[in-house]
Amino acid sequence: MSAPIITVLSGGTQTTLQDAGRHGYRHQGIPGGGAADKLAFALGNFLVGNPWNTPALECALGGLHIRFERETVVAVTGAQMWAQVNGQNIPPHKAITVEAGDILTLSYTRAGCRAYIAVAGGLDGDEFLGSRATYTPAQLGGIEGRALKTGDVVKSLSVEHGAINNLPAPFVPMLSNHIVLRARSGPEWELLDMDSRRYLFTTPFYATSATDRMGSRLKGDKITLTEPLYMTSSPLLPGSLQVPPDGQPILALADGHCTGGYARALQIIQADLWLLGQIAPGASVSFRRCFDGEAPKILKHRNSFYSSLIPGFSF
Amino acid sequence: MTQLSPRISAYGDHAILVQYETDGFSHHVSDALHTLAASLRKTNIWREIVLAYNSLVVVFDSGSLTLESAKRRVEDQIMRHGNKAGKQTDRIIDIPVYYGGEDGPDMATISQSSGLSESEVIKLHSAEPYRVCMMGFIPGFTFLSEAPKKLHHPRQATPRAKVPAGSVGIANWQTGIYGLESPGGWQIIGRTPLSIFDKDREEPFLLEAGDKVRFVPQ
């Protein structure tokens, strides 16, 4: 039970322990959080034979170096980082066996933002409101509620797991640094001027360096409202695109604030929320309008495709 | 008189927004929203029910519920309660506050702008209980109902880098409590030693939206 399994040699840009999140507490100011790319996270667990929602490591941008303290099975999914064990390349999206003393390194990402390292049996961390997901702004979950740093020891969770699985090629998500997100109107869409409504769906934006688990500040054509808005603080969701007075939109991500005071222009559809976790600083982000009745069909198709592979998983 | 008929609309493909058009703070709207939230919480089909001053958002799984039927369920609840506040069973929680001094660095600002002495500001701010209208943007941040008119004051031009946990402040017509240390621009007039949010406490949340709080000067 709960034996040390990983020692952190270098935590990289930001590596946190994540699971499927703590949902149902936004009214207390606590975002659902959890793996920013729920799909890559679930695929990692699938490969090593875990239930899809077993806690795993989420490494943003790269730079993670870890040493395994005993023999286990691991898989790396998500962002395309050059992964090596003891300096030898390992294939992504494949379960591999590592021995005690083996060192796994992830280089800087080439496409996407976050890679997941799933370990057979899962990884342990602090539990809060039924979840081990790390939420750094309030130091909740994970390892002392913060990103991993040199010298940290992560313990095994020892959840029941099955045999390793192979991932057929059609199930591997395609990632690039041009992210396309499908969206429906947000509550304040009507307050945007006509040019801005067109820009939002026809010009790309760029994710600035102000991109983390809470949100991504985008840069692009200026989005303006027909008149200044003085809004009372209102609920905000992951995947909401807010437009502050400077006209440069902000996309709320998994750890985004539960309330906000800027116009909510767009809302990313449920089926595409996983992709928010793969927006790296510098990536281009464009929006595609979803028409009436289209979003539920996309979701239904995506859900039935992936749940045929991963029991209990849905977007 | 506030119009008590909310607009119910889609918020993307997996949430519904209930929005009242109000000018400033309205007790009627706040009461109606709390009643609605309480009745929505009786079922477990909603992933999140998030209350704010004049709006409420429910999040659902659009893979198991259609937008139309989610909207209908919310409308049914509003119909059932006739858009008005039901019987409120308020918890009233006393919040001890050390006003002024190091705990309330902006007390002089509020005293000056209101034309009241510090002790009058304290008396006025703690005279009536407030309703907890909304929690968040960070855990434990408590947004309360309208402060007495004389105490209204804009936010600071430049937010402070660090506002200590428990700080009690004023921003325009709002008053509220910082649950955790965070950056912030509210005018701080006091501080409570109580932890609004404590992850290590058996019940981590001291307050929830709908409660009433009474400030007790120490």
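Computed from a prediction, not measured in an experiment: that's the story for all the values here. (Residues numbered from 1 in each chain as written. Chains lettered and ligands numbered in written order. Predicted model: local features only at pLDDT ≥ 70, side-chain atom pairs only at ≥ 80, totals over all residues. Heavy atoms only, no water.)

Here we take up the overall build of chain B. Looking only at helices and strands, chain B features four helices and 13 strands. Here the C-alpha radius of gyration of chain B, 18 Å, is about what a compact globule of 218 residues would show, namely 17 Å. Taken along the three principal axes of its C-alpha coordinates, chain B extends 55 × 45 × 35 Å. By the burial criterion, 55% of the 218 residues in chain B qualify as buried. Nonlocal contacts in chain B, meaning residues at least 24 apart in sequence, comprise 61% of its contacts between residues at least 6 apart. Of the roughly 9,900 Å² of accessible surface on chain B, a fraction of 49% belongs to carbon and sulfur atoms. For chain B, the distance from the average site of its 23 positive side-chain charges to the average site of its 25 negative ones is 4 Å. (Helix = DSSP H or I, 4+ residues; strand = E, 2+ residues; numbered from the N terminus. Rg over C-alpha atoms; globule rule 2.2 N^0.38 Å. Buried < 20%, exposed > 50% of the residue type's maximum accessible area, 1.4 Å probe, protein only. Contact = heavy atoms within 4.5 Å. Areas by Shrake-Rupley, 256 points an atom, 1.4 Å probe, with all protein chains shown as cover. Lys, Arg positive; Asp, Glu negative; His and termini not counted. Charge placed at Lys NZ, Arg CZ, Asp CG, Glu CD.)

This paragraph deals with the pairing of strand β5 (residues 92-99) of chain B. All names here are of chain B. Strand direction decides the pairing type here: β5 and strand β13 (residues 212-217), joined by six bridges, are parallel. Note that in β13 the partner of Ile 92 across the bridge is Lys 212. Bridge analysis of β5 against strand β12 (residues 187-191) gives two bridges, and the strand direction is antiparallel. Bridge assignment links Tyr 98 to a residue of β12, and that residue is Arg 191. (Pairing = 2+ DSSP bridges.)

Here the focus is the nonpolar core. Nonpolar side chains in soluble globular proteins tend to be buried together. All names here are of chain A. Counting 55 residues, the largest nonpolar core has Leu 181, Leu 200, Phe 287 and Ile 310 as the members making the most contacts within it. Here this core gets eight residues from one element, more than from any other, and that element is helix α1 (residues 38-48). Looking at which domains feed residues into this core, each of domain 1 (4-171) and domain 2 (178-307) gives three or more. Apart from the residues within four sequence positions on either side, Leu 200 is in contact with Trp 189, Leu 192, Phe 205, Ile 223, Leu 241, Ala 265, Leu 266 and Phe 287. The next biggest cluster of nonpolar side chains, apart from the first, holds 27 residues, and it includes Leu 64, Val 74, Ala 79 and Val 98. (Core = buried A, V, L, I, M, F, W, Y, C linked by side-chain atoms within 4.5 Å. Domains from an automatic or database assignment.)

Before going further, it helps to spend a moment on the domain arrangement of chain A. All names here are of chain A. Per the domain assignment, the segments of chain A are domain 1 (4-171) and domain 2 (178-307). In this structure, domain 1 and domain 2 have C-alpha centres spaced 27 Å apart. Counting from both sides, the interface comprises 30 residues of domain 1 and, opposite them, 22 residues of domain 2. Summing the contributions of domain 1 and of domain 2, the shared interface buries around 1,800 Å²; its carbon and sulfur component is 57%. (Buried area = accessible area lost by both parts, 1.4 Å probe.)

Any pair of aromatic rings gets described here by the distance separating the centres and the angle formed by the planes. Scanning the entire structure with this criterion turns up 24 aromatic pairs over all chains. For the ring pair Tyr 53 of chain B and Phe 143 of chain B, a centre distance of 6.2 Å and an interplane angle of 85 degrees mean the geometry is edge-to-face. Within this pair, whereas Tyr 53 of chain B is found in the loop between β3 (48-51) and β4 (55-59), its partner Phe 143 of chain B is found in strand β7 (residues 142-144), the two being separated by 90 residues in sequence. Judged by relative accessible area, Tyr 53 of chain B falls into the buried class, the value being 3%. Arranged with centres 6.4 Å apart and planes meeting at 80 degrees, the rings of Tyr 178 of chain B and Trp 186 of chain B form a pair that is edge-to-face. With relative accessibility at 1%, the residue Tyr 178 of chain B sits in the buried group. Judged by its relative accessible area of 5%, Trp 186 of chain B is buried. Grouping aromatic residues by their ring pairs yields a cluster made of Phe 41, Trp 52, Tyr 116, Phe 171, Phe 305, Tyr 306, Phe 313 and Phe 315 of chain A. (Phe/Tyr/Trp six-rings, centres within 6.5 Å; stacked < 30°, edge-to-face > 60°.)

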